[in-house]
Amino acid sequence: MSPPIVIPIGPPASAKYDPLGLPLSPDQGGGLGSGAVASPFATLVVPVREQRAVSATWCLPVADFDTWLACKPQVALSQLLTARADGSLLSLLKREGLGTAIEVGVEEQTRSFAVVTASLALTEAGLAAWPTAMGHLFSYLRLCHEKGVPSHVFDDAKALAQLGFRYAEPSQPQAFVTATAASMPLYRPAAWLSGPSLLEGAGGPPTLRQLLGGMTPRAAMVEVCAKEVAPKAPLSEPIYGTRYGRQPIEGEVAAWEAAPLLPELSLPRPNPFIPKRLAIKAPQTLPRKEGEPSPTPSLLPAADGARVHFLPDRTFGRPRAFAYFLWRSPEFYTSARTAVTAELFAGMLAEVLQEATYEAAQAGLVAASGVSSDAFTVQLGGYDERLPALATLVASTVRSFEPTQAAFERKVDILRRQLRDAERRQPISLAGYRRGLALQPARFSNEQLAAAAGEVSLSDVAAMQGGVLREAQLEAFVAGNLRENEAAEMVRGVRAALPAAPLAAERLPVRRLRRLPPGGATRQFLAGNPEEPNGALEMYLQVGPDEGDDWLHLLLLSQMIDKAVYAELRTKQQLGYIVQCGSTEADGVRGLVFIVQSSVQPPPELEARLEAFLRLFRGTLLLTSDEELDTYRESLAAQMQDVDQRADGQASRLWAEVATRRYDFGRPWRSSKRMRRVTRDGLIGFYDKYIAAGGAGRCRLSTQIFSQRSPPKGPLRDDPLPDAFFPPTADGFGVDWAADRAVV
C-alpha cells in the first residue's frame, strides 16, 4: 500500500474565532450544546442599528430526522412562544413594560442537530432588567415541559397546515421550482409538494417534549444586543469589527433554574376561528383568456355618501374574502404633534389588535389598521366564514380599547429609535426622503417628528381616540367568497361599531405636490451616519399628471435607460454598486428618477457623469433597431396585463384604484393595448421635451448626499423651490375611462 499523501494546510478555521471566546463544542462553556457549563456568560453585542434584544440559542439533538420533517415541532414551538393572547409570554412582557416582540426560529438544521433561537425585543426598561425578561421565557418553557403541550395545539396546527396547502394561491413558476427542488433531497417523491407544508404523523408531542427538555437555562447561549452595552464591550471580532463583551451570568442561570412557574402564564386554548364551512358560494366561470380583462366591482347601496364596492369571486374558487375600509379625514396631519399622536394611536391600536385577533391570525385571518396623512384604514382578509365577525371586532376596538401608560411609553420609544435610524439610512434612501420633503409640503421632517414625540402625552392619544372619525368619508371594498347580502351586512356591522357622520366635501383632505419650474434645482445634505463612506445622487425629472401617452413613454424609456445607464456608470465607469433608473408617481404626478451611490466620486461629479450619459443616449434611441424596440414594447405590454393571477393580488390592485379615487379598474388591459402603439417618434419627442438637457419641459431636482468623510468645500447648496403646486387629483368616480382614453 502506498503511503498516505499529506497535504500541508494552514491553521484551522477555528483559530480565526478563538479570540471571540465563543463555544465551538458542547463542553466549551457559554451554554451552547448540552454539555455541562462551568462558568456561563452572556455575550454583549453592540449593533450598527438601533436595537434592543436578548436571545437564547440552543444546539439540540435530533433523534429521528424523518419524524422531525413529518411533524415539524418547530411550528408548534413557535406558536407557543410567539402567542399574543392572554396568558402568553408576550402578553406578560408587554404588561410589565419589558418587551415588544418575540421571534423563534431554527437557525440551522441537520440530520443530527438543530440550532434553535428565541429572541425577545426589549424596551428601555426591559434592557435594564433583561435577566427578568429571560426568566419569564424560561418559566414559560418550563410550564410547557412540565404541564405538557395540549393536544389541541398540534391538532390545530395540522388542520391549518392542511387548509393552507389545499387552498394555496399559485406561485410564480421560478419560485415554485426553486422551493420544490429544495425539498426533493428530504422527502420521498410523493411528498415533494406536500411534505414541506403538511404536519403529519403522531411524532409531534414527543418530539416537541424532547426539544423543550433541552431548552434549559444552562444549555443556552445568551446574547444581549443593544447600543447601550457599548461600555461593557471592549473587544472587537476580527471579521466585521463588531464590538462585543462577555458578562458572567452564573447567578442569573441559577435563578432561572430555580424560578417558580408564574401564575400569569398559561397554555393556549383551542382556536375557535379555524374555519369549518368552506363552500364556494358563487358559480365559477372559465379561466380568463389571455388579454381578457378581469371583472370589475359593482357599487352597493350605502347611506351618508359612503361608497361600497363589491366583487364576488367567480374565478379563483377559494373560500377566502377580503375587506378594505377607508375613512378620509383631515384630523390626522394638521401638525407634527398631531401626526405623532396619530402614529402612536395607530401603533397602540395595532398592539391591542394583535392580542385581540391573535387566534384569528393563527387561523388564517389577517387584520391590519393604520393612519396616513389623510385617512384611517382597516384591511381584512382570510377564510370568509369568520371574516364578518373579525371586521366588527376590529371596528369596535378602535374606540373601546384602553390606552395605557406602558403601551404609550413603548410606542414612543420605538418611534424615537425609528426616527434616529432613519437619519442613518443609506445615502440613496436619504436622498429619496429629502425629495419627498421638498415636493410634499404637508410632510414633516424627522427632526420635527422627533421634537413632537417629546411633547405628546398619553392624554393626547386618549383625546384623539375619543374624537376619532366623528366626521369622515367612508369608502369600502369587499371581494371574494361572499354573497352580496353578506358583504352589505359586514359593512353595516362595521359602520355600526364605528359610526362617523358624513364629511362635507370642502373638508376632504387635499394632497398637493410641488410643481418644479423648467430648468433645475440642486439641494445638498450630509449623510447622517458619520461612518458612512458613500455619497449619493438622486436626479428626479418631473413629468406631470398622467396625460395622453406620457406615462407609457416614461415607462418604456425608464426600462431602456436603466439597462444602459447601469452598463455605463456601474459596469464601465465603476462608480458604485448602486446605479438605477426608474419611473415614480406621487399624488398622481409622474417622474423619472436616477440614483447613483458611490464612494469613488462626489455627488456633483456623479451628476456630471449622468448628464454626459444622457447627452449620448438620444443617439442610442435613434440607433435602436425596430426589433429591439418591439421587444421592449411587447415585454411591457405583457407585464401590464399579467395581473390578477391570485385572489389577493386582484383585491389589492382593485383597492388601490378605490383608495386613490381613480376607479380605473380596466387600466392594465387598455394600457397594454396603448403600449403596443407607442412609436419611435413619440418616444424621441418625449425624451427631447422632458429628459434631454435644455428640453422645454425638463424640470430637474437633484438631491446630493455627501459622506461626512468627504464634505463639499463650500457651503451646502439649497436652491429655493417655488410655491407652485399641481391641482389635486380629480375624483375619477363615474368616469368612463375607456371613452376618456380613446382606447380601441
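A brief report on the enclosed structure follows. Remember, it's a predicted structure, so these values are computed and weren't measured experimentally. (Residues numbered from 1 in each chain as written. Predicted model: local features only at pLDDT ≥ 70, side-chain atom pairs only at ≥ 80, totals over all residues. Heavy atoms only, no water.)

With mixed pairing, seven strands are arranged side by side in an open sheet as 3-4-2-5-1-7-6. Edge positions in the sheet fall to strand 3 (99-109) and strand 6 (235-236), since each of these pairs with one other strand and no more. Sheet topology places strand 1 (residues 41-45) next to strand 5 (residues 221-226); four bridges connect them, and they run parallel. Across the sheet, Leu44 pairs through a bridge with Val224, a residue of strand 5. (Pairing = 2+ DSSP bridges. Helix = DSSP H or I, 4+ residues; strand = E, 2+ residues; numbered from the N terminus.)

In contact at an axis separation of 10 Å, helix 3 (residues 73-82) and helix 7 (residues 151-166) are set at 115° when each is read in the N-to-C sense. When the interaxial angle is binned, helix 3 and helix 7 end up roughly perpendicular. When the axes of helix 3 and helix 7 are compared, the crossing they make is right-handed. Judged by residue contacts, Ala76, Gln79 and Leu80 of helix 3 engage Val153, Phe154 and Ala157 from helix 7. Class assignment for the residues of the contact of helix 3 with helix 7 results in five nonpolar, one polar and no charged. (Axes fitted to C-alpha atoms, helices over the stretch in contact; angles between N-to-C directions. Parallel < 35°, antiparallel > 145°, perpendicular 65-115°, else oblique. Left-handed = near helix turned anticlockwise from the far one by under 90°. Contact = heavy atoms within 4.5 Å. Nonpolar A, V, L, I, M, F, W, Y, C, P; charged D, E, K, R; others polar.)

Before going further, it helps to examine the layout of surface pockets. Estimated volume of the largest pocket: approximately 1000 Å³. Taken together, 39 residues line the largest pocket, and the ones lying closest to its centre are Asp587, Gly588, Thr660, Thr729 and Ala730. Elements supplying a minimum of two residues to the lining of the largest pocket: strand 10 (320-328), strand 11 (366-371), strand 12 (375-383), strand 16 (578-586), strand 17 (589-598), helix 22 (647-659) and helix 25 (737-740). Within the lining of the largest pocket, the residues separate by chemical class into 18 nonpolar, eight polar and 13 charged. (1 Å grid on protein atoms, 1.4 Å probe; cavity = no way out; pocket = protein on both sides within 12 Å on 5 of 7 lines; lining within 4 Å. Points joined across faces, edges and corners; volume = space filled by probe spheres on them.)

A few words on the packing of aromatic side chains. Here the structure, examined in full by the defined rule, presents 13 aromatic pairs. When the ring of Tyr324 is compared with that of Phe477, the centres are 6.1 Å apart and the planes differ by 15°; the resulting orientation is stacked. Taken together, the positions of Tyr324 in strand 10 and Phe477 in strand 13 (residues 473-480) put the pair 153 residues apart, joining distant regions of the chain. Using a relative accessible area of 7% as the deciding quantity, one classes Tyr324 as buried. Take Phe477: its relative accessible area is 0%, and that puts it in the buried class. With centroids separated by 5.7 Å and ring planes inclined at 35°, the aromatic side chains of Phe613 and Phe617 adopt a geometry described as tilted. (Phe/Tyr/Trp six-rings, centres within 6.5 Å; stacked < 30°, edge-to-face > 60°. Buried < 20%, exposed > 50% of the residue type's maximum accessible area, 1.4 Å probe, protein only.)

Moving on, we get to helix 15 (residues 427-439). An ideal rise of 1.5 Å per residue puts 18 Å on 13 residues; helix 15 measures up with 18 Å between its terminal C-alpha atoms. Burial within helix 15 is extensive, with 11 of its 13 residues counted as buried. Within helix 15, burial applies to Pro427, Ile428, Leu430, Ala431, Tyr433, Arg434, Arg435, Gly436, Leu437, Ala438 and Leu439. (Expected span 1.5 Å × (residues − 1).)

Here we come to unusual backbone geometry. A positive phi angle is found at Asp587, which is not glycine, with a value near 50°. Along the polypeptide, Asp587 turns up in the loop between strand 16 and strand 17. Asp587 gets classed as partly exposed once you look at its relative accessible area, which sits at 21%. Residue Asp644 is not a glycine yet carries a positive backbone phi of 60°. Within the secondary structure layout, Asp644 lies in the loop between helix 21 (626-641) and helix 22. For Asp644, a relative accessible area of 7% translates into the label buried.

In this structure, Phe325, Trp327, Phe376 and Leu380 are the most contacted members of the largest nonpolar core, which totals 62 residues. At nine residues, helix 11 (residues 336-356) tops the list of elements feeding residues into this core. Not counting the four nearest positions on each side in its chain, Trp327 is found in contact with Asp374, Ala375, Phe376, Val378, Leu469, Ala472, Gln473, Leu474, Val494, Leu498 and Ala500. With 58 residues, the next largest nonpolar core counts Leu44, Leu80, Leu127 and Met134 among its residues. (Core = buried A, V, L, I, M, F, W, Y, C linked by side-chain atoms within 4.5 Å.)

Within the structure shown, the criterion is met by 46 salt bridges. Two residues, Arg495 and Asp304, come together in a salt bridge whose shortest N-O distance is 3.8 Å. Highlighted residues: Arg495 in helix 18 (residues 484-497) and Asp304 in the loop between strand 8 (298-300) and strand 9 (307-312), separated in sequence by 191 residues. Judged by relative accessible area, Arg495 falls into the partly exposed class, the value being 22%. Of the charged contacts in the structure, one is a salt bridge between Asp731 and Arg307, with a shortest N-O distance of 2.9 Å. Remark: Arg307 occurs in strand 9 and Asp731 occurs in the loop between strand 18 (699-706) and helix 25; sequence separation between them is 424 residues. You can call Asp731 partly exposed: its relative accessible area is 31%. Accessibility expressed as a relative area gives 16% for Arg307, which makes it buried. Put simply, Asp546, Glu585, Arg590, Asp664, Arg667 and Arg670 are held in one network by salt bridges that share partners. (Salt bridge = Lys/Arg side-chain N within 4 Å of Asp/Glu carboxyl O.)

Another aspect to go through is the sheet that holds strand 11. Spatially, six strands are ordered 8-9-13-10-12-11 in an open sheet, and the strand pairing comes out mixed. Each edge of the sheet is formed by a strand with only one pairing partner; in this case those strands are strand 8 and strand 11. Neighbour to neighbour, the strand axes of the sheet diverge by 15° on average, direction disregarded. Of the pairings in the sheet, the one linking strand 11 to strand 12 comprises six bridges and is antiparallel in character. Directly across from Val371, in strand 12, lies its bridge partner Phe376. Each of strand 11 and strand 12 touches helix 11; the most contacted strand, strand 11, lies at about 165° to it. On top of the sheet, helix 13 (residues 387-400) reaches strand 10, strand 11 and strand 12; it is set at about 155° to strand 12, its chief contact.

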